[in-house]
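Residue-level structure breakdown
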Amino acid sequence: MLNSPYTLDYLTALESESIHILREAASVFSKSCLLFSGGKDSIVMSHLAYRAFWPAKIPFSFLHIDTGHNFDETIAFRDYLVGELQVNLIVASVEESIKRGDVIEESGVNASRNSLQSITLMTAIRENAFDCCFGGGRRDEEKARAKERVFSHRDAFGQWKPKNQRPELWKLLNGNKKFGENFRVFPLSNWTELDIWNYIAKEKIEVPSLYYAHKRDVFQRDGSLYAAHECVKRLDDEFVEKREVRFRTIGDITCTSAVESSADNIEKVINELKHSSHSERGFRMDDKRSDSALEDRKRQGYF
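Here we summarise the structure given alongside this text. (Residues numbered from 1 in each chain as written. Predicted model: local features only at pLDDT ≥ 70, side-chain atom pairs only at ≥ 80, totals over all residues. Heavy atoms only, no water.)

So, about the nonpolar core. Counting 60 residues, the largest nonpolar core has Phe-60, Phe-62, Phe-134, Phe-151, Val-185 and Trp-197 as its most contacted members. Considering each element in turn, this core owes the most residues, seven residues, to helix α2 (residues 40-53). Those residues in contact with Phe-151, other than ones at most four positions away along the chain, are Ile-21, Glu-24, Ala-25, Phe-29, Gln-165, Glu-168, Leu-173, Asn-174, Gly-175, Phe-183, Arg-184 and Val-185. Counting 15 residues, the second largest nonpolar core, distinct from the first, contains Ala-92, Val-94, Ile-125 and Phe-130. (Core = buried A, V, L, I, M, F, W, Y, C linked by side-chain atoms within 4.5 Å. Buried < 20%, exposed > 50% of the residue type's maximum accessible area, 1.4 Å probe, protein only. Helix = DSSP H or I, 4+ residues; strand = E, 2+ residues; numbered from the N terminus. Contact = heavy atoms within 4.5 Å.)

So this is what it looks like as structure tokens:
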């Protein structure tokens, strides 16, 4: 946490630190963007950015890497929020990357476009000359995220390499880079999932309805519940049924599973999380493909 002569409550201290990081990055880098997925972490980041630069407008664009397999609720909320904040939204399409031949679409029952986002992201960074991308990594996530620096250096190929990371002693942030290199900056580095929800409650921040319990057509696979959707291939013995579920994380429909829940408001969600023994990323099938799935994607330039 930032040192302060004042006694701050925990959430206010987190907010203050994140705002400092956003302002520091905006002053160091020449062209930044906020990686916006429509999920709760990027929504909180957008709220913090609004706070950081008000009464001026947020001084950078939002970048969404669109797989084409997003929940309708996510896209609707994304468009609503960028309109409210009056920020420029750049949508980079995985579908277009496939059409150009930059990536090859997976086939089979577990096919997903989620792992294809790395190339689309790197193309967007290069085409828009971004030297800083704000990401929503938190300290309680999968170890590939939790061990990140606040200012995470990427080489000219977008790759993360341990030897290029800078020490951040005494909260000193080093944004020095060579031409063509860029940084990922993580304003939520000291936050947890529960912190995010407590802050959403405190600030009365709107989030997509997917995060709250609702009736939805789902099917079961490997002990997890997935949304029944035309982009998700099902086996003959995978039957669709309607259940009351909610999503703890919002991503590509093909790899994001739901959890049975009756938490239909924020107080119930927070109470549910306090008693949960499962991590948020445990509901992402792409993280289960291998023990180093997210680490591999980080090295490829996605995270």
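From this point, things continue past the structure.
Our focus in this paragraph is the side chain of Arg-216. Position of Arg-216 relative to the elements: it lies in strand β7 (residues 214-221). By relative accessible area, Arg-216 is classed as buried at 15%. Engagement of the side chain of Arg-216 in a polar contact is seen with the side chain of Glu-73, the distance being 2.5 Å. (Polar contact = N/O pair within 3.5 Å; in protein donor to acceptor, adjacent residues only side chain to side chain.)

Our focus in this paragraph is helix α3 (residues 72-85). With 14 residues, α3 extends 20 Å between its outermost C-alpha atoms, agreeing within 8% with the 20 Å of an ideal straight helix rising 1.5 Å per residue. For α3, the set of buried residues is Thr-74, Phe-77, Arg-78, Leu-81, Val-82 and Leu-85. The buried residues of α3 occupy an angular sector of 125° when projected down its axis, which confines them to one face. Those residues of α3 that are exposed and aimed more than 90 degrees away from the buried face are Asp-72 and Glu-84. Where α3 is buried, its residues meet α2, β2 (61-66) and β3 (89-93). Gln-86 sits one or two positions beyond α3 and adopts a positive phi of about 55°. (Expected span 1.5 Å × (residues − 1). Arc of directions from axis to C-beta.)

The next subject is the environment of Ser-257. With respect to the helices, strands and loops of the structure, Ser-257 is situated in strand β10 (residues 257-260). Separated by 36 residues in the primary sequence, Ser-257 and Arg-221 have C-alpha atoms spaced 9.4 Å apart.

Once that is clear, we can look at helix α8 (residues 266-274). The complete set of buried residues in α8 reads Ile-266, Val-269, Ile-270 and Leu-273. Here the buried residues of α8 occupy an arc of 95° about the axis, which is enough to place them on one side. Pointing more than 90 degrees away from the buried face of α8 are the exposed residues Glu-267 and Lys-274. The elements touched by buried residues of α8 are α7 (193-203) and β9 (241-246). For α8, the side-chain oxygen to backbone nitrogen distance between the N-cap and Glu-267 is 3.2 Å, and the N-cap itself is Asn-265.

Each pair of packed helices can be summarised by the angle the axes make with each other and by the distance between the axes. At a minimum axis separation of 12 Å, α2 and α3 run at an interaxial angle of 5°. The angle between α2 and α3 falls in the class roughly parallel. For the pair α2 and α3, the contacting residues are Ile-43, Ser-46 and Tyr-50 in the first and Phe-77, Leu-81 and Leu-85 in the second. (Axes fitted to C-alpha atoms, helices over the stretch in contact; angles between N-to-C directions. Parallel < 35°, antiparallel > 145°, perpendicular 65-115°, else oblique.)

The side chains of a regular strand alternate, residue by residue, between the two faces of the sheet. Every second residue of strand β6 (residues 182-185) is oriented toward a common face, with Asn-182 and Arg-184 on one face and Phe-183 and Val-185 on the other, all of them buried. Alignment of strand β4 (residues 132-134) against β6, held across three bridges, turns out to be parallel. Across the sheet, residue Cys-133 finds its bridge partner in β6, namely Arg-184. Pairing of strand β5 (residues 151-154) with β6, which is carried by four bridges, proceeds in the antiparallel orientation. Bridging across to β6, Arg-154 finds its partner in Asn-182. (Pairing = 2+ DSSP bridges.)

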